[in-house]
Amino acid sequence: MTAPLPPPHQPSSDDVSDDVPPSTPPNGRTPSDGQAAWPPPHGVPAYPRPHAKDEAPAPDTATEVRQGAVVLLAVGVTGFVLGLLWLWLAPRIPLISDGTSVLLADSEGEGAVGSDGVFILLGLAFGALSAIAVFLFHRHGGIAVVVGLALGGLIGSVLGWGTGTLLGPTHDVVAHARAVGEGVTFDAPLELDAYGALLAWPVAAMIVHLALTALFGPRDPEPEWDLTPYGPPPPPPADPRA
């Protein structure tokens, strides 16, 4: 009978010398400081994702909301200026009383159309100016800022409309005709017949702000591939049939 051979000696962790150099990667390069040996550790992608140079941190949502609210209030308050300018520049519609009814002093006049046209032109001008001001203060843009600009322009148009009609001639035409007397010409109340003119301000603001952002806004940095952490990929395995 032969005695069983003892199992081969398996080196333990204590037998491994600390002076053994690390294995050399397939490309023959040894890892240096800040670089990892090939292949990468388990769970780390072989090819790192592209990163952007000088990538700016994402803006805070609360900050964007506050900026949008400030833009909305600032743009909306300027609607009072629009109303004063409309009251000053809009053509007047002369009326006259014959004792029984109130008639147009100039039946062929286009005062109503002229007042709507002045309001639209003022809305376009205020929309362009507000968009330029908002872009200069907030070049990065943002959904909250754009929404605040649009809503502020609409609120400004409504405030301008109300300011012009309230500070203009009285709407009680019959009482006014009795007060001035028969045959005396007086101004008709300032009114806005085309309600679509209220959209001139926000539409102009959106168009101008979009154009400024497209031409002069900040550009997103292009991604840059960085393979330095792991070196170039290893060569493909040789074909055994060759």
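Residues numbered from 1 in each chain as written. Predicted model: local features only at pLDDT ≥ 70, side-chain atom pairs only at ≥ 80, totals over all residues. Heavy atoms only, no water.

## Considering the nonpolar core
Reasoning step 1: Grouped together as the largest cluster of nonpolar side chains are 20 residues, with contacts concentrated most on Trp86, Phe119 and Leu149.
Reasoning step 2: Those elements that place two or more of their residues in this core are helix H1 (61–77), helix H2 (79–89), helix H3 (111–137), helix H4 (143–167) and helix H6 (200–216).
Reasoning step 3: In terms of residue count, the dominant contributor to this core is H3 (6 residues).
Reasoning step 4: Residues in contact with phenylalanine 119, not counting those within four places in the same chain, are Leu82, Trp86, Ser157, Gly160, Trp161, Leu192, Ala197 and Leu198. (Core = buried A, V, L, I, M, F, W, Y, C linked by side-chain atoms within 4.5 Å. Buried < 20%, exposed > 50% of the residue type's maximum accessible area, 1.4 Å probe, protein only. Helix = DSSP H or I, 4+ residues; strand = E, 2+ residues; numbered from the N terminus. Contact = heavy atoms within 4.5 Å.)

## Concerning the environment of arginine 92
Reasoning step 1: For arginine 92, the location among the structural elements is in the loop between H2 and strand E2 (94–97).
Reasoning step 2: Assessed through its relative accessible area of 36%, arginine 92 is described here as partly exposed.
Reasoning step 3: Along the chain, arginine 92 and alanine 188 lie 96 residues apart, while their C-alpha atoms are 7.0 Å from each other.
Reasoning step 4: With residues up to four places along the chain from it excluded, the contact list for arginine 92 reads Leu87 and Asp187.
Reasoning step 5: Within the structure, the side chain of arginine 92 is placed 2.8 Å from the backbone oxygen of leucine 87, a separation counted as a polar contact.
Reasoning step 6: At a separation of 2.8 Å, a polar atom in the side chain of arginine 92 contacts the main-chain carbonyl oxygen of alanine 90. (Polar contact = N/O pair within 3.5 Å; in protein donor to acceptor, adjacent residues only side chain to side chain.)

## Details of the packing of aromatic side chains
Reasoning step 1: Taken as a whole and judged by the stated rule, the model has 3 aromatic pairs.
Reasoning step 2: Summarising the aromatic geometry, the rings of tryptophan 86 and phenylalanine 119 are spaced 5.0 Å apart at their centres and angled 75° between planes, so their arrangement reads as edge-to-face. On the criterion of sequence distance, the pair formed by tryptophan 86 in helix H2 and phenylalanine 119 in helix H3 is long-range, its members being 33 residues apart. Of the two residues, tryptophan 86 and phenylalanine 119, both sit in the buried class.
Reasoning step 3: Ring geometry for tryptophan 161 against tyrosine 195: centres 5.5 Å apart, planes inclined by 65°, an arrangement best described as edge-to-face. In this pair, tryptophan 161 is assigned in helix H4 and tyrosine 195 in the loop between strand E4 (185–187) and H6, connecting sequence segments 34 residues apart. (Phe/Tyr/Trp six-rings, centres within 6.5 Å; stacked < 30°, edge-to-face > 60°.)

No statement about biological role is implied by the geometric values presented.
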